[in-house]
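Overview (structure and organization)
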Amino acid sequence: MASSCLSVVLLLCLAAAVSAQLSPTFYDSSCPGALSTIKNAVDAAVGSNPRMGASLLRLHFHDCFVQGCDASVLLSGNEQNAGGNAGSLLGLDLIQKIKDLVEAACDNNKRTVFVSCADILAVAARDSVVALGGPSWTVQLGRRDSTTASVTLANNDLPPPSLDVAGLNTRFAAKGFSSIDMVALSGAHTVGRAQCKNFRNRLYNEANIDPDYAAKLKANCPQPTGSGDSNLAQLDDTPTPVNADSFDNGYFVNLQLNKGLLHSDQVLYTAGAGGATENIVDSFAANPETFRNAFASAMVKMGNLSPLTGSQGMVRRTCSSTKAN
Ligand code: HEM
């Protein structure tokens, strides 16, 4: 009994030691300009193309859900060929551009340290959400980059838009997320775009879609597969005083109105079905601040998924490659 207690204590210490290696001040002495360099670059990119903020946020999600936040999604090939990624990963060039700017900022200080691609992605995702008007959170730093990426894991772990609530809960629970976290994180779809092929089935086969909304979408998403497959629609087209790309709780209001774009969006609110997620949608739709807080805390959790730390993995120079130069 005493020895099993001791092992539990040791395990807890070990877990604390691993997470203690991530810290918001990780680059403060080695590369003090890293965070401001990332923020300035994200602000400029989102300022000229707001969708880029959405694309960076999605990249961080697709990174963290597959073998942890280790920039595996940025390695050429591999995960980039997975179902949820092929033909729909944007922002890869921008991340490399930011990486080069950050490295230059570190070098200016005559220090030979390199900021990991995984950390750049985590910070860029946060800065994107802020630039689009969403909540902020403190990003833990010190993640290292993987030396591998797995298309099989990506296919297994990334949720497809055909999932129902049970399937969504299973994928998110596998990563330690509650149903509230899952619904909050789905609220990322308050920004960005989706291609016709990802919502065509819902558009032509589901009844719980607002008729005017459906008619508008059909105009740019014809039924025959292959025609206009990649035409885009806004994931959340709630008109706001600012612009349609603002990070707000309009996504949840739209779900209440049967104006969810993806099947996996609308299943969170199937009015009358008494599903547990309906109450969560109602609460986020009614209270913007509740959504902002839930989203920020779920993003912190997401950013902490299985980081490589210490001497694990590597710090890549080029985010798409494990080559030294
Ligand atoms: C709940 C399960 C989820 C499913 C099934 C899902 C599925 C999708 C699909 C199919 C697209 C459109 C891709 C395309 O047409 O190219 C998309 C876009 C997007 N997703 Fe998700 N997603 C989920 C959760 C998340 C989460 C957790 C986040 C971030 C926290 C996120 C952020 C985004 C963003 C920002 C876009 C727009 C990207 C852009 O415009 O470039 N999604 N998602």
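Residues numbered from 1 in each chain as written. Predicted model: local features only at pLDDT ≥ 70, side-chain atom pairs only at ≥ 80, totals over all residues. Heavy atoms only, no water.

Overview of the nonpolar core
In a soluble, globular protein the nonpolar side chains are often hidden away together inside. L74, I95, V102, F252, F295 and M302 are the most contacted members of the largest nonpolar core, which totals 74 residues. Take this core: its biggest share by element is nine residues, from helix 5 (residues 117–131). Split by domain, this core shows at least three residues from each of two domains, domain 1 (23–158) and domain 2 (165–300). The next biggest cluster of nonpolar side chains, apart from the first, holds 13 residues, and it includes C196, F199, C221 and A233. (Core = buried A, V, L, I, M, F, W, Y, C linked by side-chain atoms within 4.5 Å. Buried < 20%, exposed > 50% of the residue type's maximum accessible area, 1.4 Å probe, protein only. Helix = DSSP H or I, 4+ residues; strand = E, 2+ residues; numbered from the N terminus. Domains from an automatic or database assignment.)

Concerning the UniProt feature "binding site: Ca(2+) 1" (unreviewed entry) in the protein
As recorded in UniProt, the feature "binding site: Ca(2+) 1" (unreviewed entry) lies at D63, V66, G68, D70, S72 and E79. These annotated residues cover 17 residues of sequence, but their C-alpha atoms sit close together, with the largest distance between any two at 12.8 Å. Assignment of secondary structure puts G68 in the loop between helix 3 (51–64) and helix 4 (92–108). Apart from residues no more than four positions distant in its own chain, G68 is found in contact with D63, L305 and S306. On the secondary structure map, D70 appears in the loop between helix 3 and helix 4. Each residue touching D70, except ones within four places of it in the same chain, is listed here: D63, A118, R144, D145, S146, L308 and R316. (UniProt positions renumbered as here; feature names shortened; annotations may be inferred. Contact = heavy atoms within 4.5 Å.)

Comments concerning the site of the ligand
Taken together, 24 residues lie around the ligand, and R51, S55, H189, Q195 and N198 are the ones closest in. Secondary structure elements with two or more residues in the shell around the ligand: helix 3, helix 7 (165–173), helix 8 (179–186) and strand 1 (193–195). Split by residue class, the shell around the ligand holds 13 nonpolar, eight polar and three charged. (Near = heavy atom within 4 Å. Nonpolar A, V, L, I, M, F, W, Y, C, P; charged D, E, K, R; others polar.)

Description of the coordination of the iron atom of the ligand
In this structure, the iron atom of the ligand receives exactly one donor atom from the protein: H189 (NE2), at 2.1 Å. When you line up the elements, H189 lands in the loop between helix 8 and strand 1. (Donors = N, O, S within 2.8 Å, 3.2 Å for Na, K, Ca; no water.)

Things to note about the packing of aromatic side chains
Scanning all chains against the criterion turns up 14 aromatic pairs. Ring centres 4.9 Å apart and planes at 85° place the aromatic pair Y251 and F252 in the edge-to-face group. For the ring pair F252 and F284, a centre distance of 5.2 Å and an interplane angle of 65° mean the geometry is edge-to-face. Placement of the pair is F252 in helix 11 (residues 250–256) and F284 in helix 13 (residues 276–286), with a sequence separation of 32 residues. On the basis of relative accessible area, F252 is assigned to the buried category, the value being 0%. The aromatic ring of F114 is capped on one face by R317, whose charged end is 4.6 Å from the ring centroid. (Phe/Tyr/Trp six-rings, centres within 6.5 Å; stacked < 30°, edge-to-face > 60°. Lys NZ or Arg CZ within 6 Å of the ring centre and 35° of its normal.)

Quick word on the pattern of salt bridges
A full pass over the atoms with the stated rule returns eleven salt bridges. K216 is the partner of D237 in a salt bridge, and the nearest nitrogen-oxygen pair spans 2.6 Å. Taken together, the positions of D237 in the loop between strand 2 (232–234) and helix 11 and K216 in helix 10 (residues 211–218) put the pair 21 residues apart, joining distant regions of the chain. With a closest N to O distance of 3.8 Å, E289 and R292 form a salt bridge. Placement of both E289 and R292 in helix 14 (residues 288–303) is noted, with a separation of three residues, approximately one turn of the helix. R292 gets classed as partly exposed once you look at its relative accessible area, which sits at 24%. (Salt bridge = Lys/Arg side-chain N within 4 Å of Asp/Glu carboxyl O.)

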